[in-house]
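Chain and residue survey
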Amino acid sequence: MAEAFVTLTSEIQAKSPSISFINSNKEKPLLFADDYTFKLNKITTTTKYWICTIKDCATKVHTDSNNGLMKSVGNHSHLPEKEKHEVREAREKMTHLKKHFLTLNIST
Ligand SMILES: [Zn+2]
């Protein structure tokens, strides 16, 4: 199992980061790529421009209008923010969903 996980991780890194999105009514949308957080900076008809939420970090991500990763620019000048509030909240929601589905499977 450990070997399979390492292989999978290196494949992801070799290609492109796995990205996910959170849309909030109160705040700007956020993009997560490999435990780094980006905020939406600018939208054009074809491209969304995301910038890292850490000040002084110049890393940017471009996605297309279907939220597909187009390119990642630069390298982060800091460690991933694994415990950032929004990320934690999203993970808690995912855990809740998993538990919910698990319960459904058992009862049927
Ligand atoms: Zn950064």
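This is a predicted model, so every value here is computed, not measured.

Calculation criteria
- Residues numbered from 1 in each chain as written.
- Predicted model: local features only at pLDDT ≥ 70, side-chain atom pairs only at ≥ 80, totals over all residues.
- Core = buried A, V, L, I, M, F, W, Y, C linked by C-beta atoms within 7 Å.
- Buried ≥ 20, exposed ≤ 12 C-beta atoms within 10 Å, placed from the backbone.
- Helix = DSSP H or I, 4+ residues; strand = E, 2+ residues; numbered from the N terminus.
- Contact = placed C-beta atoms within 7 Å.
- Pairing = 2+ DSSP bridges.
- Axes fitted to C-alpha atoms, helices over the stretch in contact; angles between N-to-C directions.

Within the largest apolar cluster, nine residues are counted, these being Leu-30, Leu-31, Phe-32, Ala-33, Tyr-36, Phe-38, Trp-50, Cys-52 and Val-61. Elements supplying a minimum of two residues to this core: strand E2 (30-33), strand E3 (36-43) and strand E4 (47-52). Looking at this core, the element that brings in the most residues is E2, giving four residues.

Turning to the environment of Thr-47, a few remarks are in order. Of note, Thr-47 is situated in strand E4. By C-beta crowding, Thr-47 is classed as partly exposed, having 13 other C-beta atoms within 10 Å. It is 5.7 Å that separates the C-alpha atoms of Thr-47 and Thr-63, two residues lying 16 residues apart in sequence. The contact partners of Thr-47, leaving out residues within four places of it in the chain, are His-62, Asp-64 and Met-70.

This paragraph deals with the pairing of strand E5 (residues 60-64). The two faces of E5 differ: Val-61 and Thr-63 on one face are buried, but Lys-60, His-62 and Asp-64 on the other face are not. Bridge analysis of E4 against E5 gives five bridges, and the strand direction is antiparallel. Among the inter-strand pairings, Tyr-49 is bridged to a residue of E5, identified as His-62. Direction of pairing for E5 relative to strand E6 (residues 69-73): antiparallel, over a ladder of four bridges.

The strand order across the open sheet built from six strands is E1-E2-E3-E4-E5-E6, with neighbouring strands paired in antiparallel fashion. Edge strands, defined here as strands with exactly one partner in the open sheet, are strand E1 (19-22) and E6. Averaged over neighbouring strand pairs, the angle between their axes works out to 30° when direction is ignored.

Mapping Ile-19 onto the fold places it in strand E1. Since 18 C-beta atoms lie within 10 Å of it, Ile-19 is described here as partly exposed. Ile-19 sits 44 residues away from Thr-63 along the chain, and the two C-alpha atoms are 9.9 Å apart. Other than its neighbours up to four places away in sequence, Ile-19 contacts Leu-31, Phe-32, Ala-33 and Leu-69.

Inspection of the secondary structure assignment puts Thr-59 in the loop between E4 and E5. Those residues in contact with Thr-59 that sit more than four places away from it in its chain are Cys-52, Val-73, Gly-74, Asn-75 and His-76.

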